Amino acid sequence: MNILEQTPLHIIFFFILYGITGAVSLIAAVYLLLRRGNAFAPDVTPPLRLRRWAAAFFAVSALGHVWWMFFYIYSRDIHSAAYVAVVVLDCVTQMTTVAGTLLAMLQDRRRPVWPAPAAMLPFVALGLLHICYPDGPFVSIAAIYILALYVLFSVYMAFAVRRYGRWLNDNYADLENKKVWLTQVVSLVCLLLFLLYCLVDNDSILIYILHVVAMVLYVLLLWRVETLPQLAIASKSQDDREPDSEADQESDQQSQKSVTIPSNIGQLLTEHCVDSQLYLQHDLSLAQLSAAVGINRFYLSQYFSSQGMNYNTYINALRIQHFVTLYRQTVADRRSVTAQQLAQQSGFRSYSTFSSAFKQRMGQSVTVWMRDMDG
């Protein structure tokens, strides 16, 4: 009997699934590194930093499959120094590339990635101690430490994603393909994969689910990279930057207390945004509007805040009013036009974004509103 006949069927199936998972991650890494265009969303230009970090994550995932396969073939001894080295290498590279990828999705400011590998140094030290003193409690301490790191990072991402969402609302009107919750989903899936790696026995059925979840993560991440457009606001002045440190925040708060908002901003907005119907432009940003109006972006943002709204609310209110006007005209002319068509003509790229903004603004869904208008 040859070795294939002696191998249990579930082991063969596992290695097939294992190979597919590694191949998918390798293909994704090569695609992101070598392809200049965007196959999934040709009209979107994703951030180059995100594309590179995601490629690094996929490459590390593919390499992880390789070095674990070599370990399985040549050693299989989970008490050996080789096993500790593979575990440490896997955790350090995965933690660094996951952190870099997730942080690159948040474009409100450039967050440093170096704390991630720096935080892994105690984990590396614990691995070395375990090699020198195999009977010590270093494995348990290392497992608790790495788990705590992932949990803390997930908590940090929850706050960072929330801040990113506020930044989007303050600077962009059309939030299609910028949904912040997807970033948090990727973060939580990564944490789930890590927990499964730590807790699941290789002979358990959950090890198969682990690889299926990994492939789902790869597809979700690749789609997120391809559909997330570059949003960073360029040419921020010294007085119009995103505060990064506590000192910057205190300085900005003090300057905001003494700032005097120009009294003619409302008139300029009416002239350059309302009358010109600039709000119908898809993906219109606060920076673009401030350039058209001729007012510093900081003053424009402060003006919206003084009116009890943000930029997103202001633009969407104009677009919804435009939709209402168009719909009344179509009813009066007895023309047949769908709500989706009118929403696009009103500046909304996504009907789901329009529907949500309409309900928030009008207090009822667009379907109910149209039915009431027709009745």
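Cut-offs used in this document
- Sequence order sets the numbering: in each chain, residues are counted from 1 along the sequence as written.
- It should be noted that, the model being predicted, local features are given only for residues of pLDDT at least 70 and side-chain atom pairs only at 80 or more, the latter also being counted only at that level, while totals for whole chains, interfaces and linings use all residues.
- To get the side-chain values, all heavy atoms of the structure are used, and hydrogens and water are removed first.
- Counting from the N terminus, the helices are DSSP H or I runs at least four residues long and the strands are E runs at least two residues long.
- Residue contacts are defined here by distance: any two heavy atoms, one from each residue, within 4.5 Å place the two residues in contact.
- Computed by Shrake-Rupley with a 1.4 Å probe, the accessible areas treat only the displayed protein chains as cover when residues are assessed.
- Between the first and last residue of a helix there are one fewer steps than residues, each counted as 1.5 Å, and that sum is the expected span.
- Each residue is placed in one exposure class: buried if its accessible area under a 1.4 Å probe, protein chains only, is under 20% of its type's maximum, exposed if it is over 50%, and partly exposed if it falls in between.
- Throughout, the arc means that of the directions going from the helix axis to the C-beta atoms.
- Patches were defined on residues exceeding 30% relative accessible area and lacking a salt bridge, with like-charge contacts within 9 Å and nonpolar side-chain contacts (Val, Leu, Ile, Met, Phe, Trp, Tyr) within 5 Å.
- The term salt bridge refers to a pairing of a side-chain nitrogen on Lys or Arg with a carboxyl oxygen on Asp or Glu at a separation within 4 Å.
- Note on method: axes are straight lines fitted to C-alpha atoms, helices fitted across the in-contact stretch only, with angles between N-to-C directions ranging 0 to 180 degrees.
- When an angle is under 35 degrees it counts as roughly parallel; over 145 it counts as roughly antiparallel; between 65 and 115 it counts as roughly perpendicular; any other value is oblique.
- The classification used treats Ala, Val, Leu, Ile, Met, Phe, Trp, Tyr, Cys and Pro as nonpolar, Asp, Glu, Lys and Arg as charged, and all other residues, Gly among them, as polar.
- Among buried residues, those of type Ala, Val, Leu, Ile, Met, Phe, Trp, Tyr and Cys that are joined through side-chain atoms within 4.5 Å constitute a nonpolar core.
- The predictor attaches a confidence to each residue, and that confidence, scored 0 to 100, is pLDDT.
- Between rings of Phe, Tyr and Trp, where Trp is taken as its six-membered ring, a pair exists when centres lie within 6.5 Å; planes separated by under 30 degrees are stacked, by over 60 edge-to-face, and by other angles tilted.
- Any pair of N or O atoms that falls within 3.5 Å is considered a polar contact. Within protein, one atom must be able to donate a hydrogen and the other to accept it, and sequence-neighbouring residues count only if both atoms are side-chain atoms.

Novice: Mind showing me how you'd approach the overall build of the chain here?
Specialist: Helix and strand counts for the chain come out as 17 helices and 0 strands. In the chain, of all internal contacts separated by at least 6 residues, the share reaching a separation of at least 24 is 73%. When the accessible surface of the chain is split by element, carbon and sulfur atoms take 61% of a total near 20500 Å².

Novice: In this structure, what is going on with helix α16 (residues 351–362)? I would like to understand it.
Specialist: Residues separated by three or four positions in an α-helix point in the same direction, a consequence of the helix having 3.6 residues per turn. Along its 12 residues, α16 runs 16 Å from first to last C-alpha, staying within 8% of the 16 Å computed at 1.5 Å per residue. When we look at burial in α16, the residues that qualify are T353, F354, A357 and F358. All buried residues of α16 lie within an arc of 130° about the axis, which places them on one face of the element. When the buried face of α16 is taken as reference, the exposed residues oriented beyond 90 degrees from it are K359 and Q360. For α16, the elements touching its buried residues are α14 (311–333), α15 (339–345) and α17 (366–374). Where α16 terminates, the next one or two residues include G363, which has phi positive at roughly 80°.

Novice: What is the right way to read a nonpolar patch on the surface from this model?
Specialist: A surface patch of nonpolar side chains, about 550 Å² in accessible area, is lined by V66, F70, Y72, I73 and Y74. The topology assignment puts V66 in helix α3 (residues 48–74). Overall, V66 belongs to the partly exposed group, its relative accessible area being 41%.

Novice: Is there a simple way to explain the pattern of salt bridges in this structure?
Specialist: Side chains that carry opposite charge are capable of pairing whenever their charged atoms lie near each other. The final tally for this structure, using the stated rule, is 3 salt bridges. R111 is the partner of D108 in a salt bridge, and the nearest nitrogen-oxygen pair spans 2.7 Å. For D108, a relative accessible area of 1% translates into the label buried. Across the pair D333 and R335 runs a salt bridge whose closest N-O atoms are separated by 3.7 Å.

Novice: Explain the packing of helix α12 (residues 286–293) against helix α13 (residues 297–306) to me, please; I cannot follow it from the model alone.
Specialist: Axes are the key here: two packed helices are described by the angle between their axes and the distance separating the axes. At a minimum axis separation of 9 Å, α12 and α13 run at an interaxial angle of 105°. Between α12 and α13, the angle is such that the two are roughly perpendicular. In contact with L286, A287, L289 and S290 of α12, α13 contributes R297, L300, S301 and F304. Residues that form the contact of α12 with α13 fall into these classes: 5 nonpolar, 2 polar and 1 charged.

Novice: What's the story with the nonpolar core in this structure? I'm lost.
Specialist: By size, the foremost hydrophobic cluster in this structure holds 48 residues, and its most contacted members are L32 and F58. Contributing elements (two or more residues each) for this core: α2 (9–34), α3, α4 (81–105), α6 (121–132), α7 (138–171) and α9 (206–227). Here the element with the most residues in this core is α7; it accounts for 12 residues. Beyond its immediate stretch of four places on either side in the chain, F58 contacts S25, A28, A29, L32, Y218, L221 and L222. L268, L284, V293 and Y303 belong to the second-largest nonpolar core, a separate cluster that totals 19 residues.

Novice: Can you walk me through the environment of I207 in this structure?
Specialist: With respect to the helices and strands, I207 occurs in helix α9. Note: C-alpha distance between I207 and Y18 (189 residues apart in sequence) is 10.0 Å.

Novice: I'm lost on the confidence of the model for the chain in this one. Help?
Specialist: Note: predicted coordinates in regions of low pLDDT should not be interpreted at a detailed level. Taken residue by residue, the chain gives an average pLDDT of 81. The fraction at 70 or more is 82%. No element of the chain has a lower mean pLDDT than helix α10 (residues 246–258), at 44, and none a higher one than helix α5 (residues 115–119), at 94. In the predicted structure, residues 234–258 sits below a pLDDT of 50 and forms 24 contacts with residues beyond four places in sequence or in another chain.

Novice: Would you mind showing me how to read the packing of aromatic side chains here?
Specialist: Each aromatic ring pair is summarised here by two numbers: the centre-to-centre distance and the angle between the ring planes. Per the stated rule, a full pass over the model turns up 23 aromatic pairs. Considering the side-chain rings of W68 and F71, the 5.7 Å spacing of their centres and the 90° angle between planes classify their relative orientation as edge-to-face. Of this pair, W68 and F71 are both found in helix α3, 3 residues apart, which corresponds to roughly one turn of the helix. The exposure class assigned to W68 is partly exposed, which follows from its relative accessible area of 24%.

Novice: I keep staring at unusual backbone geometry and nothing clicks. Help me out?
Specialist: Residues other than glycine predominantly adopt negative phi, and peptide bonds predominantly adopt the trans conformation. Even without being a glycine, Q277 presents a positive backbone phi close to 55°. Among the secondary structure elements, Q277 is positioned in the loop between α11 (265–274) and α12.

Novice: Help me out: how do you make sense of the side chain of T21 in this one?
Specialist: On the secondary structure map, T21 appears in helix α2. Engagement of the side chain of T21 in a polar contact is seen with the backbone oxygen of L17, the distance being 2.8 Å. In this view, T21 contacts H65, H211, A214, M215 and Y218; residues no more than four positions away in its chain are not counted.

Novice: Can you help me understand the environment of R328 in this one?
Specialist: Mapped onto the secondary structure, R328 falls in helix α14. Given the relative accessible area of 47%, R328 is considered partly exposed. Spatially, the C-alpha atoms of R328 and M373 are 8.4 Å apart, while their sequence positions differ by 45 residues.

Novice: Honestly, the side chain of S25 in this entry has me stumped. Any pointers?
Specialist: Counting through the fold element by element, S25 comes out in helix α2. On the basis of relative accessible area, S25 is assigned to the buried category, the value being 0%. Within polar-contact distance, the side chain of S25 engages the backbone oxygen of G22 at 2.7 Å. Every residue in contact with S25, bar those within four places of it in the chain, is listed here: F58, S61, A62 and Y218.

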